[in-house]
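Descriptive structure summary
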Amino acid sequence: MLQKTLLLTGASRGIGHATVKVFQAAGWRVLTVSRTAFDSRCPWHAGATDHIQGDLADPDARDEMVERVREALGGAGLNAIVNNAGISPKGEGGARLGIADSSDEVWRQVMNVNLLGPASLMRDLLPELSAAKGTVVNVGSIVGSRVHPFAGVAYACSKAALGALTREAAAELGPRGVRVNMVTPGEIETEILSPGTEDMLEVIPLRRLGKPDEVARVVLFLCSEQASYVNGAVIDVNGGQHA
């Protein structure tokens, strides 16, 4: 059986890091993209050759990424894209950036990475996705549907828009055999948790934070044949945090 290939953005930490390990354990080849260079301490093989450093907010860098992905594929199709990269700028002292504090530059930066990045990768790699009858999973957030005490307004709007992009892409690309879905994580335990996140345990029915691999396993399911009739879906991974 031919090895499947995943393109993963935002691979350097948290959910992205866990996704690399979960997919590799399932036998996939993983091409990773992040703004940082490959770190030799990372625990996955082929990282030094299958990692692409680039900024999704930069159109020229995105073009270069796409070319490098095509070179890595060697004419083969692309089985999956997981759009995990995202930024959530903070104010002084880690303060939440509301409308009054979000400059045009903050809005541009967030939308370029969190929304335009996923849209452009789907568009530019559509021939490869179509050839493999591949799938796309967009990583949204619980903040796309509610006001959150830590996430800023630009981040929230970008994740809400990512849900709309998922629906649009699922409808448009479905006839090509390409499925597009989204996962929306809640409070996940990573190294970049905002101070005060632990105080939210009382509103999470499971009374704990999620772990990155608990999101990654759902992403793997959506990219598998087990989810072959799942298209345009949004799957919450939030421990029941719906209030």
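Residues numbered from 1 in each chain as written. Predicted model: local features only at pLDDT ≥ 70, side-chain atom pairs only at ≥ 80, totals over all residues. Heavy atoms only, no water.

1. Description of the layout of surface pockets
- As a volume, the second largest pocket reaches approximately 230 Å³.
- Residue lining of the second largest pocket: twelve residues in total, with Leu2, Gln3, Lys4, Gly77 and Asn79 positioned closest to the centre.
- Split by residue class, the lining of the second largest pocket holds six nonpolar, four polar and two charged. (1 Å grid on protein atoms, 1.4 Å probe; cavity = no way out; pocket = protein on both sides within 12 Å on 5 of 7 lines; lining within 4 Å. Points joined across faces, edges and corners; volume = space filled by probe spheres on them. Nonpolar A, V, L, I, M, F, W, Y, C, P; charged D, E, K, R; others polar.)

2. Focus: the sheet that holds strand β7 (residues 234-237)
- Judged by pairing direction, the sheet is parallel, and its seven strands sit side by side in the order β3-β2-β1-β4-β5-β6-β7 without closing on themselves. Edge positions in the sheet fall to β3 (51-53) and β7, since each of these pairs with one other strand and no more. Here the strands of the sheet are splayed against their neighbours by 15° on average, with no regard to which way each runs.
- Where strand β1 (residues 5-9) lies against strand β2 (residues 29-34), five bridges are found, and the strand directions are parallel. Bridge pairing in β2 places Leu6 opposite Val30.
- Here helix α4 (residues 104-124) sits on the sheet in contact with β1, β4 (80-83), β5 (135-139) and β6 (179-185), set at roughly 170° to β4.
- Packing against the sheet, helix α7 (residues 212-222) makes contact with β4, β5, β6 and β7, and its axis sits at approximately 165° to β6. (Pairing = 2+ DSSP bridges. Helix = DSSP H or I, 4+ residues; strand = E, 2+ residues; numbered from the N terminus. Axes fitted to C-alpha atoms, helices over the stretch in contact; angles between N-to-C directions. Contact = heavy atoms within 4.5 Å.)

3. A closer look at the nonpolar core
- Among the nonpolar cores identified, the biggest contains 27 residues, and Leu7, Val69, Leu78, Ile81, Leu125 and Val180 are the most heavily contacted of them.
- At the level of elements, β2, α3 (59-73), α4, α5 (126-132), α6 (153-173) and β6 are the ones that each hand at least two residues to this core.
- Residues in contact with Val180, not counting those within four places in the same chain, are Met122, Val136, Asn138, Thr166, Ala169, Ala170, Leu173, Asn231, Gly232 and Ala233.
- One finds Leu6, Ile15, Trp28 and Cys223 within the second-largest nonpolar core, a separate group that totals 19 residues. (Core = buried A, V, L, I, M, F, W, Y, C linked by side-chain atoms within 4.5 Å. Buried < 20%, exposed > 50% of the residue type's maximum accessible area, 1.4 Å probe, protein only.)

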